[in-house]
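Residue-level listing of the chains:
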Amino acid sequence: MTDAAIIQLFWERAETAVKAASEAYGGYCYRIAYNILCVNEDSEECVNDTFFKAWNAIPPQKPDILKAFLGKITRNLALDMLKRSKARKRGGAYAEALSELDEIISSGENIEKQTEDKETVTALNSFIGCLDEESRTVFVLRYFRFDSISDIAKKTGTNINRVNYILKKTRSGLERFMKKEELL
């Protein structure tokens, strides 16, 4: 079923909308949640909450790209769930990925807070838009979906060393970009 058809089901308030969205993007949303939470039960709960939130958001919203819309909801819910758990030590690829960006983006502030800042988000989107396809894919898989380096290598059909090189080069580029934009 196409995104447009699924969104239309939401607009019609058809009960099959959630099922169709879940079949199309449940695994994708679960992967995002699990990469942040590292707990099956919490990840499943987060995915269920994602579809509930989508049900309440569509309408009035009409997302252009349903996958991105659901991914963003999942990511935000998982991050909120992680904060609520007040875990002292954050696990999984989430902590590792944020620590990689911490020196570049945070400039002494809380990186999670700053990534929500509109100016920073606008700059990040601009930077990501200027990347070549391979770098953009690796960057998004690592810092949006929080995939592990080995998972990214498998998904992109390359090796771990290449992924590490791309990430290092992209982080350096991001640092230069943020300085140029006077956000560091």
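Structure shown above.
Predicted, not measured: the structure shown is a model, and the values here were computed from it. (Residues numbered from 1 in each chain as written. Predicted model: local features only at pLDDT ≥ 70, side-chain atom pairs only at ≥ 80, totals over all residues. Heavy atoms only, no water.)

**Student:** Mind laying out the pattern of salt bridges, listing which residues take part and the relevant values?
**Tutor:** Under the definition given, this model contains seven salt bridges. The salt bridge involving Glu 23 is made with Lys 19; its shortest N-O contact spans 3.9 Å. Taken together, the residues Glu 23 and Lys 19, both in helix 2 (residues 16-37) and four residues apart, mark about one turn of the helix. In this structure, Glu 23 and Lys 19 share a single accessibility class: exposed. In this structure, Asp 151 engages Arg 31 in a salt bridge whose closest nitrogen and oxygen atoms are separated by 1.8 Å. Of the two residues, Asp 151 is situated in helix 9 (residues 149-156) and Arg 31 in helix 2; the sequence distance between them amounts to 120 residues. Through salt bridges with shared partners, a single network forms among Arg 31, Arg 145, Asp 147, Asp 151 and Lys 155. (Salt bridge = Lys/Arg side-chain N within 4 Å of Asp/Glu carboxyl O. Helix = DSSP H or I, 4+ residues; strand = E, 2+ residues; numbered from the N terminus. Buried < 20%, exposed > 50% of the residue type's maximum accessible area, 1.4 Å probe, protein only.)

**Student:** Describe the side chain of Arg 75, listing the residues and the values that go with them.
**Tutor:** Mapped onto the elements, Arg 75 comes out in helix 4 (residues 66-85). Apart from residues no more than four positions distant in its own chain, Arg 75 is found in contact with Ile 32, Ile 36, Tyr 143, Phe 144 and Phe 146. (Contact = heavy atoms within 4.5 Å.)

**Student:** Before we move on, can you summarise helix 1 (residues 3-11) with the specific residues and values?
**Tutor:** In an α-helix there are 3.6 residues to a turn, and that puts residues three or four apart on one side. Within helix 1 the residues assigned to the buried category are Ile 6, Ile 7, Leu 9 and Phe 10. Taken around the axis of helix 1, the buried residues stretch over an arc of 155 degrees, which confines them to a single face. Against helix 2, helix 3 (40-57) and helix 4 lie the buried residues of helix 1. Taken from the residues just after helix 1, Arg 13 is the one with a positive phi, measuring 60 degrees. (Arc of directions from axis to C-beta.)

**Student:** Go over the environment of Met 178 with me, naming the residues and quoting the values.
**Tutor:** Within the secondary structure layout, Met 178 lies in helix 10 (residues 160-180). Residue classification places Met 178 among the buried residues on the basis of a relative accessible area of 0%.

**Student:** Tell me what's going on with the packing of aromatic side chains, and back it up with residues and numbers.
**Tutor:** Applying the stated criterion across every chain, the model contains five aromatic pairs. With a centroid separation of 6.2 Å and 70 degrees between ring planes, the pair formed by Phe 127 and Phe 139 is classed as edge-to-face. In this pair, Phe 127 is assigned in helix 7 (residues 118-130) and Phe 139 in helix 8 (residues 133-143), connecting sequence segments twelve residues apart. A single burial state applies to Phe 127 and to Phe 139, both of which are buried. Ring geometry for Phe 127 versus Phe 177: centroids 5.6 Å apart, planes at 45 degrees, classification tilted. Placement of Phe 127 in helix 7 and of Phe 177 in helix 10 is noted, with a sequence separation of 50 residues between them. For the pair Phe 127 and Phe 177, a shared accessibility class is recorded, and that class is buried. Of the aromatic side chains, those joined through ring pairs into one cluster are Phe 127, Phe 139, Tyr 143 and Phe 177. Above the plane of the ring of Trp 11 lies Lys 62, whose end atom (NZ or CZ) is 5.3 Å from the centre. Here the basic side chain of Lys 67 rests over the ring of Tyr 28, its NZ or CZ set 4.7 Å away from the ring centre. (Phe/Tyr/Trp six-rings, centres within 6.5 Å; stacked < 30°, edge-to-face > 60°. Lys NZ or Arg CZ within 6 Å of the ring centre and 35° of its normal.)

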